[in-house]
Amino acid sequence: MKKSKPFPVPVRVNYSCRKCPAYCCTYEEIPVKARDIARLARHFGIDEARAEARFTRADGNGVARVLRHRKDDVFKSACTFLDRETRRCTVYEARPDICGDFPGGARCGYYDFLKFERHHQDNPEFIALT
């Protein structure tokens, strides 16, 4: 008799990206893999070589590809796909795997920090600038 796997219990998250100014999108280097570049190429209807050239650059070591950044009004710079007004991803359905996996658990350190600072600053709009 074949054993069935138990139904996975969903992880209850203790953060809300809707209340965050997109800290994770401001990492200087957001690594992408070939399959992420292929997904972005399909999303924009362009070939992979063009997507790689347009949306990525070499990392600091010249080894891996990372998403390009552009100037940001809140932080020094942010991912090129971040909408500066809504603070949301403009390619959410085609976002790189690392973005979909973040923060990798039930808690987000950025969100915990933001909640703590907003409480202690008595300012629900407080943003800690980098």
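Before any of the text, the structure's been laid out above.
Quick look at the structure, then. Each chain carries its own residue numbering, running from 1 in the written order of its sequence. Residue-level local features of this predicted model are given only where pLDDT is at least 70; pairs of side-chain atoms are given and counted only at 80 or more, and the full residue set underlies all totals for whole chains, interfaces and linings. Excluding hydrogens and water, the side-chain values take into account all heavy atoms of the structure.

## Quick notes on the overall build of the protein
Looking only at helices and strands, the protein has four helices and five strands in total. By definition, any uninterrupted DSSP run of H or I lasting at least four residues is a helix, any uninterrupted run of E lasting at least two residues is a strand, and each is numbered from the N terminus. Starting at the N terminus and walking to the C terminus, you meet the elements of the protein as β-α-α-β-β-β-β-α-α. Residue exposure (1.4 Å probe, protein chains only): buried if accessible area is under 20% of the type maximum, exposed if over 50%, otherwise partly exposed. Evaluated residue by residue, the protein yields a buried proportion of 32% over its 130 residues. Any two residues whose heavy atoms approach within 4.5 Å at even a single point are treated as in contact. Across the protein, every contact between residues at least 6 apart in sequence was considered, and the portion connecting residues at least 24 apart equals 57%.

## Focus on the sheet that holds strand β2 (residues 56-58)
Note on pairing: two strands pair once DSSP finds at least 2 bridges between them. Within the open sheet, the three strands sit side by side as β1-β3-β2. Their pairing is antiparallel. The sheet is open, and its two borders are formed by β1 (31-32) and β2, each paired with just one other strand. Across three bridges, β2 lies against strand β3 (residues 65-67) in antiparallel orientation. Within β3, the residue paired with arginine 57 across the bridge is valine 66. Sitting on the sheet, helix α2 (residues 48-55) touches β2 and β3, and the angle it makes with β2 is about 75 degrees. Axes, fitted as lines to C-alpha atoms, cover a helix only where it is in contact. Angles between the N-to-C directions of the axes lie from 0 to 180 degrees.

## Thoughts on unusual backbone geometry
Of note, the amide linkage connecting phenylalanine 102 to proline 103 takes the cis form, showing an omega dihedral of 5 degrees. As for its placement among the helices and strands, proline 103 is situated in the loop between α3 (97-101) and α4 (109-120). The backbone of arginine 87 sits at a positive phi, close to 65 degrees, despite the residue not being glycine. Along the chain, the position of arginine 87 falls in the loop between β5 (77-79) and α3. One non-glycine residue, aspartate 122, adopts positive backbone phi at about 50 degrees.

## Remarks on the nonpolar core
In plain words, nonpolar cores are sets of buried Ala, Val, Leu, Ile, Met, Phe, Trp, Tyr and Cys residues tied together by side-chain atoms within 4.5 Å. Leu40, Ala51, Phe55, Leu67, Cys79 and Phe81 are the most contacted members of the largest nonpolar core, which has 17 residues in total. Secondary structure elements with two or more residues in this core: α1 (34-44), α2 and β5. Leave out the neighbours within four places in its chain, and leucine 67 touches Ile30, Val32, Leu40, Phe55, Thr56, Arg57, Cys79, Phe81 and Pro96. Listed in part, the six residues of the second largest apolar core include Cys20, Phe75, Phe126 and Ala128.

## Side note on the packing of aromatic side chains
Note on ring pairs: Phe, Tyr and Trp rings are taken, using the six-membered ring of Trp, and paired if centres are within 6.5 Å. Classes follow the plane angle, with under 30 degrees stacked, over 60 edge-to-face and the rest tilted. If you walk through the whole model with that rule in mind, you get eight aromatic pairs. On the basis of an interplanar angle of 20 degrees and a centroid distance of 6.1 Å, the ring pair of phenylalanine 44 and phenylalanine 81 is categorised as stacked. Residue phenylalanine 44 is located in helix α1, and its partner phenylalanine 81 is located in the loop between β5 and α3; the two are separated by 37 residues in the primary sequence. Among the residues examined, phenylalanine 44 registers a relative accessible area of 36% and is labelled partly exposed.

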